[in-house]
Amino acid sequence: MRALVVQKPKVVSVTDWDDPTAGPVDAVVAVASCGLCGTDRHIADGTYPATYPNVLGHEISGIVASVGDKVDAIRVGDRVVIDPNIPDHECAPCRRGDVHLCEHLSAIGVTRPGGMAPHVVAPQTQLYKIPDSLSLGDAAFAEPLSCVIHGLERVKIQAGGTVAILGAGSIGLLTQQAVREIGAANVMISEPSAARRELAEELGADEVYTPEMVEHDSHTEEYDLVIDCSGNPDAVLTAMRLARRGADILLFGVAPVGAKVPVEPYELYRKELRLVASNINPFTMEKAVAMLGSCTVKVDKIVSQVVGLDDLPALLLNKPSPQEVKAALRFA
């Protein structure tokens, strides 16, 4: 089959790759849609730990094409999404229930072949059936939304509270809708791209600013919860300034490896701030499917471009345009 393959950092092409086959407890999924994530770009440019060569893509929906002889929970023809993160269930973090912190975690599209190909293989334990009412295109958002849900489960969101979100890429826009569903009364978005700010307003943000406006001395509003979805290391300092006394700060965006921030410990003490980080999606895929199926979170407008395999190398090796929010590979 033809697949999007990263041979090594900065060497990306559509090339031949062996068709996947199902082991005894695996299923082969015919990929319908696969989202392009910031992590994919980091793997392509060599700034995120991964296996090379490999097929990228971890935000996957599709239809089960074949199953192994010991598969008992999934059938050929089932419409599914895939949790790409596969723990060993044997290391110390796994044994205490922190499967997402597994010492030997493998991941489809990172260390195993991913979904930027017509077919992908996954253990049946990683597959989640989706309702008939949920389109396969929308369902591919289950993985990023499950990560958002995990992050929000680690912080306090008060009914009627105020939330500031730094960054309105696809993750920021998912987060914006999720915090509203949980009970936030006022949601502020800070985003440099005019197209993304416009979309944030369309999806219900109460306040939308550029980062320069938020950083200006005239912006004195403080928030109950501040969430960084940008991955910009400097956003940590912005979050500390925007947080009210006693607030939580959620670091969701992935900063570059080795980046450092000059945090003032006294400011954390003075405001009694709680800095919380979030890593992937333990036990939240079913919740994400439910939210997508009920249209609690709307994702169709977040997709700014639908692409084919041959479009992917250029997208991965270049910075996203100001108009790009989310690119999605579609086979069906």
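Just above sits the structure.
These numbers come from a predicted model, not from an experiment.

What counts as what
Residues numbered from 1 in each chain as written. Predicted model: local features only at pLDDT ≥ 70, side-chain atom pairs only at ≥ 80, totals over all residues. Heavy atoms only, no water. 1 Å grid on protein atoms, 1.4 Å probe; cavity = no way out; pocket = protein on both sides within 12 Å on 5 of 7 lines; lining within 4 Å. Points joined across faces, edges and corners; volume = space filled by probe spheres on them. Helix = DSSP H or I, 4+ residues; strand = E, 2+ residues; numbered from the N terminus. Nonpolar A, V, L, I, M, F, W, Y, C, P; charged D, E, K, R; others polar. Buried < 20%, exposed > 50% of the residue type's maximum accessible area, 1.4 Å probe, protein only. Pairing = 2+ DSSP bridges. Axes fitted to C-alpha atoms, helices over the stretch in contact; angles between N-to-C directions. Parallel < 35°, antiparallel > 145°, perpendicular 65-115°, else oblique. Left-handed = near helix turned anticlockwise from the far one by under 90°. Contact = heavy atoms within 4.5 Å.

K.L.:
Would you mind going over empty space enclosed by the protein with me for this structure?
P.N.:
Any empty space left between atoms is shown by rolling a water-sized probe over those atoms. This structure, assessed with the given rule, holds 1 cavity of 30 Å³ or more. Estimates place the volume of the largest cavity at around 40 Å³. In terms of lining residues, the largest cavity is bounded by Ser33, Gly35, Glu59, Gly137, Ala140, Phe141, Pro144, Val303, Lys326, Ala328 and Arg330. Listed by contribution, the elements that provide at least two residues to the lining of the largest cavity are strand S3 (26-35) and strand S18 (327-330). Here the residues of the lining of the largest cavity are counted per class, giving 5 nonpolar, 3 polar and 3 charged.

K.L.:
So what exactly am I meant to see when it comes to the pairing of strand S14 (residues 223-228) here?
P.N.:
Moving residue by residue along a regular strand, the side chains alternate between the two faces of the sheet. Across the 6 residues that make up S14, a large majority, 6, are buried. Where strand S11 (residues 162-166) meets S14, 4 bridges bridge the pair, whose relative direction is parallel. Note on S14: the bridge partner recorded for Leu166 is Asp228.

K.L.:
Got a minute to help me understand the pairing of strand S1 (residues 2-8) in this structure?
P.N.:
Pairing of S1 with strand S2 (residues 11-16), which is carried by 6 bridges, proceeds in the antiparallel orientation. Residue pairing across strands places Val5 opposite Ser13, the latter belonging to S2. Summarising the sheet, S1 and strand S4 (residues 54-55) pair through 2 bridges and their orientation is antiparallel. By the bridge assignment for S4, Val6 is matched with Asn54.

K.L.:
I keep staring at the packing of helix H4 (residues 142-153) against helix H5 (residues 170-182) and nothing clicks. Help me out?
P.N.:
For any two helices packed against each other, one specifies the crossing angle of their axes together with the interaxial distance. Relative to each other, H4 and H5 sit at 50 degrees, their axes nearing to 10 Å. Compared by their axis directions, H4 and H5 come out oblique. When you trace H4 past H5, the crossing you get is right-handed. Side by side, H4 and H5 meet where Pro144, Leu145, Val148 and Leu152 of the first sit next to Ile171, Leu174, Thr175, Ala178, Val179 and Ile182 of the second. For the contact of H4 with H5, a count of residues per class yields 9 nonpolar, 1 polar and no charged.

K.L.:
Hey, could you run me through the layout of surface pockets in this one?
P.N.:
Space inside the second largest pocket adds up to approximately 280 Å³. Lining the second largest pocket are 17 residues; nearest its centre among them are Asp83, Val99, Gln126, Tyr128 and Phe283. Partitioning the lining of the second largest pocket into residue classes produces 8 nonpolar, 7 polar and 2 charged.

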